[in-house]
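Coordinate inspection notes
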Amino acid sequence: NAGVTQTPKFRILKIGQSMTLQCAQDMNHNYMYWYRQDPGMGLKLIYYSVGAGITDKGEVPNGYNVSRSTTEDFPLRLELAAPSQTSVYFCASNTLAGAPRDEQYFGPGTRLTVT
Amino acid sequence: DQQVKQNSPSLSVQEGRISILNCDYTNSMFDYFLWYKKYPAEGPTFLISISSIKDKNEDGRFTVFLNKSAKHLSLHIVPSQPGDSAVYFCAAKGHGSSNTGKLIFGQGTTLQVKP
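Points about the overall build of chain B
Helix and strand content of chain B: zero helices and 11 strands. Counting from the amino terminus, helix and strand elements in chain B follow one another as β-β-β-β-β-β-β-β-β-β-β. Since a compact globule built from 115 residues should have a radius of gyration of about 13 Å, the 14 Å found for chain B is in line with a globular shape. Seen along its three principal axes, the alpha-carbon backbone of chain B occupies a region of about 45 × 30 × 25 Å. The buried share among the 115 residues of chain B stands at 45%.

Right under this line is the structure:
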């Protein structure tokens with residue numbers, strides 16, 4: 001299993017441009033998440049999905065959109081990029097199989113700079 | 001409103017000694033806590049977790065202690081090894097998140113283990 005994969009690894013955007021961050025998992029997990037991590041800060045939840053066709057907002061959804069048409073893929077769309085969206089973006093997935101572990105599996109991240 | 005706080009941004013210990021990383025939380029509805037470890041340019045990986053019905057969970061060199069009355073948990077690493085040098089994130093999940101798996105993360109503590 002490749003686990004959770006993210007593309008691209010790095011990207012530089014100009015203000016106002018748009019892009020899609022790709023995320024895929026091959027573990028047949030129903031639950032998927034997008035986080036951003038700013039320097040010196042923890043991970044903040046942007047959007048999450050509990051299954052194909054179902055998405056919901058997290059703590060910091062403004063400026064982003066998501067879709068979940070398949071179990072495997074959970075792309076994150078940035079429209080009209082702003083410098084405040086400069087961050088490292090992590091995608092994660094989970095089975096929610098319950099105790100004792102119930103952890104999320106993370107991708108390697110996408111480092112995005114908006115200038 | 002930071003519900004999960006790691007007040008020490010960094011910690012430096014000597015190889016072979018104990019590392020103690022601390023985490024405080026404010027929401028008494030949290031019922032499950034996790035620690036993640038993150039190396040540079042990689043995604044976080046699950047380390048250890050504890051349910052709120054327990055006060056201790058041990059896995060090899062790693063032990064997590066939970067003090068519910070103080071809303072405090074700690075991660076002990078004994079003995080510390082240079083390979084443990086990483087950023088450690090504390091995360092919490094509330095009772096209402098049992099069907100979504102959403103996590104709230106602390107800011108992280110950078111651990112440096114000196115040879």
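Now, onward.
Considerations on the interface of chain A and chain B
It is common to give the size of an interface as the accessible area that goes away when the parts come together. Listed per partner, the contact involves 23 residues of chain A and 23 residues of chain B. At the junction of chain A and chain B, the tally comes to three residue pairs in polar contact (both at pLDDT 80 or more). In terms of residue count, the dominant contributor to the side of chain A that touches chain B is strand 5 (residues 43-51) of chain A (five residues). Residue classes in the side of chain A that touches chain B are distributed as 13 nonpolar, five polar and five charged.

Thoughts on the state of the cysteines
Should the sulfur atoms of two cysteines be covalently bonded, the bond is a disulfide. Residue and element names in this part refer to chain B. Throughout the structure, instances matching the rule amount to two disulfides over all chains. Each sulfur of the disulfide joining C23 and C90 lies 2.1 Å from the other. Across the S-S bond of C23 and C90 the torsion is about -75°, and the bridge reads as left-handed. Taken together, the residues C23 in strand 3 (residues 19-25) and C90 in strand 9 (residues 86-94) connect sequence positions 67 residues apart. Among the residues examined, C90 registers a relative accessible area of 0% and is labelled buried.

Some details on the nonpolar core
In this structure, F33, W35, L73, L75 and Y88 of chain B are the most contacted members of the largest nonpolar core, which totals 23 residues. Every element with two or more residues in this core is listed here: strand 3, strand 4 (30-38), strand 5 (45-51), strand 7 (62-67), strand 8 (72-77), strand 9 and strand 11 (109-114) of chain B. Top element by residues in this core is strand 9 of chain B. It accounts for four residues. Residues M19, V66, A81 and C91 of chain A belong to the second largest nonpolar core, which totals 19 residues.

A look at the environment of W34 of chain A
Residue position: W34 of chain A is located in strand 4 (residues 31-37). Of note is the side chain of W34 of chain A, whose polar atom sits 2.7 Å from the backbone oxygen of F74 of chain A.

Re the sheet that holds strand 7 (residues 64-66) of chain A
Residue and element names in this part refer to chain A. Taken in spatial order, the four strands make up an open sheet running 1-3-8-7, and their pairing is antiparallel. Each edge of the open sheet is held by one strand with a lone partner, namely strand 1 (4-7) and strand 7. For this sheet, the mean inter-axis angle between neighbouring strands, taken without regard to orientation, is 20°. For strand 3 (residues 19-25) and strand 8 (residues 76-78), the ladder comprises three bridges, and the chain directions are antiparallel. When the bridges of strand 8 are listed, M19 appears paired with L78.

Rules of the game
What you see as residue numbers is a count from 1 along each chain, following the sequence as written. Working convention: letters from A go to chains and numbers from 1 go to ligands, in the order in which they are written. Per-residue local features are limited, in this predicted model, to residues with pLDDT of at least 70; the limit for side-chain atom pairs, both in listing and counting, is 80 or more; totals at the level of whole chains, interfaces and linings are taken over all residues. Processing note: side-chain calculations cover all non-hydrogen atoms of the structure and skip hydrogens and water entirely. Put simply, DSSP H or I for four residues or longer makes a helix, DSSP E for two residues or longer makes a strand, and each gets a number counted from the N terminus. We take the radius of gyration over the C-alpha atoms and set the globule estimate at 2.2 Å times the residue count to the 0.38 power. The buried label goes to any residue with under 20% of its type's maximum accessible area, the exposed label to any with over 50%, and the partly exposed label to all in between, with areas taken from a 1.4 Å probe on protein chains only. By the convention used here, residues are in contact when the closest approach between their heavy atoms is within 4.5 Å. Any pair of N or O atoms that falls within 3.5 Å is considered a polar contact. Within protein, one atom must be able to donate a hydrogen and the other to accept it, and sequence-neighbouring residues count only if both atoms are side-chain atoms. Ten residue types, Ala, Val, Leu, Ile, Met, Phe, Trp, Tyr, Cys and Pro, are classed as nonpolar, four, Asp, Glu, Lys and Arg, as charged, and the remainder, Gly among them, as polar. Cysteine sulfur atoms that come within 2.5 Å of each other are treated as a disulfide pair. Nonpolar cores are built from buried Ala, Val, Leu, Ile, Met, Phe, Trp, Tyr and Cys residues. Side-chain atoms within 4.5 Å join them into one set. By the convention used here, strands pair only if DSSP detects at least 2 bridges between them. All axes here are fitted lines through C-alpha atoms, helices being fitted over the stretch that makes contact, and every angle between N-to-C directions spans 0 to 180 degrees.

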